[in-house]
Amino acid sequence: MLRVGVNGYGTIGKRVADAVAAQPDMEVAGVAKTTPNFEAEAAHRRGYPVHAAREDRRDAFDDAGVPVAGDLDDLVVESDIVVDCTPAGIGAENRAVYERHDTPALYQGGEDADVADASFNARANYDEVAASDAEHVRVVSCNTTGLSRVLAPLDEQYGVEKARATLVRRGGDPSQPDRGPINDILPDPVTVPSHHGPDVNTVLPDLAVDTMGVTVPATLMHLHSVNVTLETEAEAAAVAETLTDESRVFLVPGDARVAGPAHLKEYAQDAGRPRGDLWENCVWAESIAVEGRDLYFFQAIHQESDVVPENVDAIRAVCTDTEAAESVVETNRALGVGFGESEETRRVAADGEGATASADD
Ligand SMILES: NC(=O)C1=CN([C@@H]2O[C@H](COP(=O)(O)OP(=O)(O)OC[C@H]3O[C@@H](n4cnc5c(N)ncnc54)[C@H](O)[C@@H]3O)[C@@H](O)[C@H]2O)C=CC1
Ligand SMILES: O=C(OP(=O)(O)O)[C@H](O)COP(=O)(O)O
């Protein structure tokens, strides 16, 4: 059993802890948190040993009645690997703690790439990371994960001459009332490219990709408008088939009448998903259009959860000899990733109906 510590128990950390607990080959050694708030109480109720991430906050946990199992050093010592899910920039400060105990660690996409020896996305470079000696590995951000999951198979199947994506970024997570904008549409960043294209190149180094970002007053999901110039011509139906074959891509069928992220979140909740999570890229089947070698589609990315299965796979890549496909299947099975192939999706892929609109339409 791999003992996994989770440092930082917020949006990503709580999901990673639950995902680890669901794996047959892993257990949660404990979680570390700075503040004894409702999330710390929830961690305790779930049976995760709660550690005070900062020694000077320990009394606050005692005062709040949240039992403290130890400090961060204790957690690192008890863990075979730590998944650092602290806010952007804190992970880089924590690397010295993990190194002091010779404990491997994962970091999140808010950190700069140089926080780690390698960046990771299971679909893009699991094998390279597993074959390397990297013990400090960064799982790329939610948006970069979403782009890598579709660009890797498109590059393998058709070749990617150039990918371009405009990312409509959610302003903050639903639990972040202090984020914005409230009533604006912000080029974010205003400079081009946004960091996402270069970030894709940390896991797919040879892929030509440029990205632009816009932040909007929404919290549910990001939405990507993707244009890929392929190296070979392809039918829209064939591209739909290629994406259907990806276990972490959900081809949203037209007859589901999913208008946007609000419907997708409702879809996930109706399916009984924990926290209404959507671990998969959600690609609108009807949006897939090809004009010559130019491919277009829309996808929605659930920022709170798409990196969660990637973290689980990264744990195996760093700590075990498990092969990529085996890990992905195991992670998917334990979490319940995949909505299954719908008849409608199969039909769209087979006869191109709804997926044949040209870019000029
Ligand atoms: N929320 C999102 O949409 C996504 C976030 N990420 C990345 O994941 C990382 C974590 O982000 P979130 O979970 O959204 O942040 P968050 O703010 O929801 O959670 C961070 C947690 O760490 C705790 N914390 C703060 N300082 C700490 C410290 N010194 N030691 C231990 N814990 C500390 C906070 O109390 C909080 O519980 C960031 O690098 C972020 O960029 C990646 C993909 C998506
Ligand atoms: O941490 C995240 O967003 P945030 O920094 O806006 O909270 C998400 O991973 C999205 O990040 P990205 O837009 O840099 O891919």
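Residues numbered from 1 in each chain as written. Chains lettered and ligands numbered in written order. Predicted model: local features only at pLDDT ≥ 70, side-chain atom pairs only at ≥ 80, totals over all residues. Heavy atoms only, no water.

- Naming follows an unreviewed UniProt entry, where the protein chain appears as Glyceraldehyde-3-phosphate dehydrogenase of Halarchaeum grantii.
- Regarding the protein chain, the relevant UniProt record gives this comment under Pathway (unreviewed entry): "Carbohydrate degradation; glycolysis; pyruvate from D-glyceraldehyde 3-phosphate: step 1/5."
- Database annotation for the protein chain, UniProt heading Sequence similarities (unreviewed entry): "Belongs to the glyceraldehyde-3-phosphate dehydrogenase family." (UniProt positions renumbered as here; feature names shortened; annotations may be inferred.)

### Things to note about unusual backbone geometry
- Of the consecutive residues Gly180 and Pro181, the connecting peptide bond is found in the cis state with omega at 5°.
- The residue Pro181 is located in the loop between strand 9 (160-170) and strand 10 (186-187) in this model.
- The linkage connecting Asp188 with the following residue, Pro189, adopts the cis geometry, with an omega of 0°.
- Note that Pro189 resides in the loop between strand 10 and helix 8 (196-200).
- For Arg275, which is not glycine, the phi torsion reads 55° and is therefore positive.
- Position of Arg275 among the secondary structure elements: in the loop between helix 10 (261-270) and strand 14 (281-284).
- Its relative accessible area of 32% is what places Arg275 among the partly exposed residues. (Helix = DSSP H or I, 4+ residues; strand = E, 2+ residues; numbered from the N terminus. Buried < 20%, exposed > 50% of the residue type's maximum accessible area, 1.4 Å probe, protein only.)

### Section: the packing of aromatic side chains
- Taken as a whole and judged by the stated rule, the model has six aromatic pairs.
- With centroids separated by 5.4 Å and ring planes inclined at 50°, the aromatic side chains of Phe250 and Tyr267 adopt a geometry described as tilted. Residue Phe250 is located in strand 13 (residues 249-252), and its partner Tyr267 is located in helix 10; the two are separated by 17 residues in the primary sequence.
- Judged by its relative accessible area of 29%, Tyr267 is partly exposed.
- A ring pair is formed by Tyr267 and Phe339, whose centres lie 5.0 Å apart and whose planes are at 85°; its orientation type is edge-to-face. Placement of the pair is Tyr267 in helix 10 and Phe339 in the loop between helix 12 (324-335) and helix 13 (343-351), with a sequence separation of 72 residues.
- By relative accessible area, which is 23% here, Phe339 ends up partly exposed.
- Connected via pairs of aromatic rings, a cluster forms that spans Phe250, Tyr267 and Phe339. (Phe/Tyr/Trp six-rings, centres within 6.5 Å; stacked < 30°, edge-to-face > 60°.)

### Let's talk about the pattern of salt bridges
- Using the criterion set out here, one finds 24 salt bridges in the structure.
- Measuring nitrogen to oxygen at the nearest pair gives 2.7 Å for the salt bridge that ties Glu161 to Arg293. In this pair, Glu161 sits in strand 9 while Arg293 sits in the loop between strand 15 (289-291) and strand 16 (294-301), placing the two residues 132 residues apart along the sequence.
- Under the relative-accessibility criterion, Arg293 is labelled partly exposed at 32%.
- The salt bridge involving Lys162 is made with Asp210; its shortest N-O contact spans 2.9 Å. Of this pair, Lys162 sits in strand 9 while Asp210 sits in strand 11 (residues 209-216), placing them 48 residues apart in sequence. (Salt bridge = Lys/Arg side-chain N within 4 Å of Asp/Glu carboxyl O.)

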